[in-house]
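A structural walkthrough
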Amino acid sequence: MKKLDLTREELSWSLYDWASSAFTLMLSTVIPIYLKNMGDAAGLRSAQTTSHWAVTQSIATLLVAIMAPVLGAMADRRGKKKLFFCGFLALALLFSCALAGTNSYYLLLVFSLVASIGYAGTNIFYDAFIVDVTSDERMDFISSFGYAIGYIGSCIPFIAGILLINFTPFGLSATGAVKAALLINVAWWLVFSIPLIKNVRQKYQLRTESQRGENLFLSSFKKTWSTLKVIFQDKTIGLFLLSYFFYIDGVDTIIKMSTSFGKDVGIGDNSLLLALLMTQIIAFPAVLICAKLVRRFSSKKIILTAILVYIGITVFGFVMQHAWQFWVLAVFVAVVQGTIQALSRSYFGKLIPNKENANEYFGFYNIFGKYASIFGTALMALFTTLTGSSRYGVLSVALLFIAGFFLFLKVPDVEK
């Protein structure tokens, strides 16, 4: 099979990135802008709405982090990876629709929280499916390909939504246009999730005999605890997860808070949306180029370089004064965002010793990422509240990247 040829399973798996990335883009652009505007109408200060959004996202990631490993163990023991995936997908789609059904600022916060939980839940099992659809040798490429087409796929419903919001056709009000944009994204997400549901199957699963009357939750919890001990005894996996805990925290915080931060420093709504759209377009070739560079420089070196770029991004964000500087910032984010996410996923996938435990291992992969996201958004909320300025909140994120960089230096190179 040639390098660029994809099997039906690989393509179907990758298309879920194409599908779900539309929600990711909405979550980091339209939804926070909509919430901030609704908060302004309710008489709340800009710093308050930024803090509320950060706290909401922290709660969502905390809940998913608590559930992730045990859910993964349950799916491994019963071979129900796709069932769990579909359950969380239904939850995410339902509450994404609910976002379009209310004008209440606080209900919007609640619905976005539940939709975020559903989205994060699907990613636990989606990420774990990578071991079922491809080989270790192709994992970097397939993971990067998924992220790459996700950036392009997210742009299509996003552009449709922005056109509705800017031109309000068909007699739509400004609020009605935002709701229509949300529903377009939900439809896109649903339609392009079908290939994965139809074509991807769980290849690896634990083949243990269940005892009559066995409590699935308790037995899965015990299995989770035993796997956690194995992880901490494995220096390579343990160091990787600890490093990942810090640097992906910074990445997720920047994704979630960039729009709110841009508004706080005076960037107009249209400039924000266009800059973030440009980020998606640039990220598509950037991810694929970096996937090729891995063959020459190794994934470890590429990840370390991406972390250094992120440190520069946080410092630049702190001193940023003009709208054009936000565009420069968006370009640098575009170059490294998808790369660090894609290579981290494949790096960890190659580290898993037993593919039959992939759900459980990726449960821990997600728990480290999600617990980290709690600290990142909470850290930004704390510094923003204490100083009254989002700039110090952004600068504080640099601490997470620095910690992740030095820990990742100690992680053995998986290619070697």
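Scroll up to find the structure.
These remarks concern the structure in this document. Note that residues are indexed from 1 along each chain, following the sequence as it is written. Owing to the predicted nature of the model, reporting of local features is limited to residues with pLDDT of at least 70; listing and counting of side-chain atom pairs is limited to 80 or more, with chain, interface and lining totals taken over all residues. Working from all heavy atoms in the structure, the side-chain values ignore hydrogens and water.

Here's the deal with helix α8 (residues 174-191)
- Look at α8: 26 Å from first C-alpha to last across 18 residues, which is about the 26 Å you get at 1.5 Å a residue.
- Whether two residues are in contact is decided by their heavy atoms, any of which lying within 4.5 Å being enough. Comment: elements are numbered from the N terminus, with helices defined as DSSP H or I runs of at least four residues and strands as E runs of at least two. If you follow the buried residues of α8, they end up packed against α1 (8-28), α2 (30-41), α4 (81-99), α5 (105-128) and α7 (139-167).
- Where α8 starts, the residue carrying a side-chain oxygen 3.0 Å from the main-chain nitrogen of G176 turns out to be S173. Under the convention used throughout, the expected extent of a helix is 1.5 Å for every residue step, that is, one less than its residue count. Side-chain atoms alone can form a polar contact between residues adjacent in sequence; in general such a contact is a pair of N or O atoms within 3.5 Å, and within protein one must be able to donate a hydrogen while the other accepts it.

Considering the environment of K350
- Its location among the elements puts K350 in helix α14 (residues 323-351).
- To sort residues, take the accessible area from a 1.4 Å probe on protein chains only and compare it with the maximum for the residue type: under 20% means buried, over 50% means exposed, and anything in between is partly exposed. K350 gets classed as buried once you look at its relative accessible area, which sits at 18%.
- Engagement of the side chain of K350 in a polar contact is seen with the side chain of D140, the distance being 2.7 Å.

Thoughts on the packing of α1 against α5
- Helix axes are fitted to C-alpha atoms over the stretch in contact, other axes to C-alpha atoms as well, and angles between N-to-C directions run from 0 to 180 degrees. As a packed pair, α1 and α5 sit with axes 12 Å apart at the nearest point and diverge in direction by 155 degrees. The orientation of α1 with respect to α5, classified from their angle, is roughly antiparallel. α1 and α5 meet at a crossing whose hand is left-handed. Across the interface between the two elements, W13, S14, Y16, D17, S20, F23, T24 and L27 of α1 pack against A115, S116, Y119, T122, N123 and Y126 of α5.
- Any residue outside Ala, Val, Leu, Ile, Met, Phe, Trp, Tyr, Cys, Pro, Asp, Glu, Lys and Arg is labelled polar, Gly included; the first ten of those are nonpolar and the last four are charged. Within the contact of α1 with α5, the residues separate by chemical class into seven nonpolar, six polar and one charged. Geometric relationships in this document are graded by angle, where less than 35 degrees denotes roughly parallel, more than 145 denotes roughly antiparallel, 65 to 115 denotes roughly perpendicular, and other angles denote oblique. Note on convention: the crossing is left-handed when the near helix lies turned anticlockwise from the far helix by less than a right angle, right-handed when the turn is clockwise.

Comments concerning the packing of α2 against α5
- Contact pair α2 / α5: the axes reach a minimum separation of 9 Å and the direction vectors enclose 155 degrees. By the angle between their directions, the pair α2 and α5 is classed as roughly antiparallel. Crossing hand, α2 versus α5: left-handed. Counting all contacts with α2, which are made through Y34, L35, M38 and G39, the residues of α5 involved are Y105, L108 and L109.
- Residue classes in the contact of α2 with α5 are distributed as six nonpolar, one polar and no charged.

Description of the packing of aromatic side chains
- Pairing of aromatic side chains requires ring centres within 6.5 Å, counting the rings of Phe and Tyr and the six-membered ring of Trp. Pairs whose planes differ by under 30 degrees are stacked, by over 60 edge-to-face, and all others tilted. Taken as a whole and judged by the stated rule, the model has 24 aromatic pairs.
- Seen in terms of ring centroids, W188 and F192 are 4.6 Å apart; in terms of plane orientation they differ by 50 degrees. Their pairing is tilted.
- Ring pairs connect the aromatic residues F240, Y244, Y247, Y347, F348 and F408, which therefore count as one cluster.

Observations concerning the pattern of salt bridges
- Salt bridges are identified by distance alone: a Lys or Arg side-chain nitrogen within 4 Å of an Asp or Glu carboxyl oxygen. According to the stated counting rule, one finds four salt bridges in the structure shown.
- A salt bridge links R138 to E10, with the shortest nitrogen-to-oxygen separation between them at 3.0 Å. Note that R138 is positioned in the loop between α6 (130-133) and α7 and E10 in helix α1, a separation of 128 residues in sequence.
- With its nearest N and O atoms 3.3 Å apart, the salt bridge here joins R345 to D17.

Some remarks on a nonpolar patch on the surface
- Exposure above 30% relative accessible area and no salt bridge define the residues that can form patches, which grow by joining like charges within 9 Å and nonpolar side chains of Val, Leu, Ile, Met, Phe, Trp and Tyr within 5 Å. Computed with a 1.4 Å probe, the accessible areas rest on the Shrake-Rupley method; for each residue, only the protein chains presented here act as cover. Residues V55, I59, L62, L63, I66 and M67 make up a contiguous nonpolar surface patch of roughly 450 Å² in combined accessible area.
- Mapped onto the secondary structure, M67 falls in helix α3 (residues 46-78).

Examining the nonpolar core
- With 109 residues, the main nonpolar core has W13, W189, F240, Y247, Y310, F348 and F401 as its most contacted residues.
- With 14 residues, α5 is the single largest residue contributor to this core.
- Beyond its immediate stretch of four places on either side in the chain, F401 contacts Y247, G250, V251, I254, I307, Y310, I311 and T314.
- Put simply, buried Ala, Val, Leu, Ile, Met, Phe, Trp, Tyr and Cys residues joined by side-chain atoms within 4.5 Å make one nonpolar core. Among the nonpolar cores identified, the runner-up in size contains seven residues, and A148, Y151, A283 and A342 belong to it.

With respect to the environment of F246
- Following the sequence through the fold, F246 ends up in helix α11 (residues 235-264).
- Taking C-alpha positions, F246 is 8.3 Å from I402, a pair spaced 156 residues apart along the chain.
- Those residues within four positions of F246 in sequence are excluded, and the remaining contacts are L400, A403, G404 and L407.

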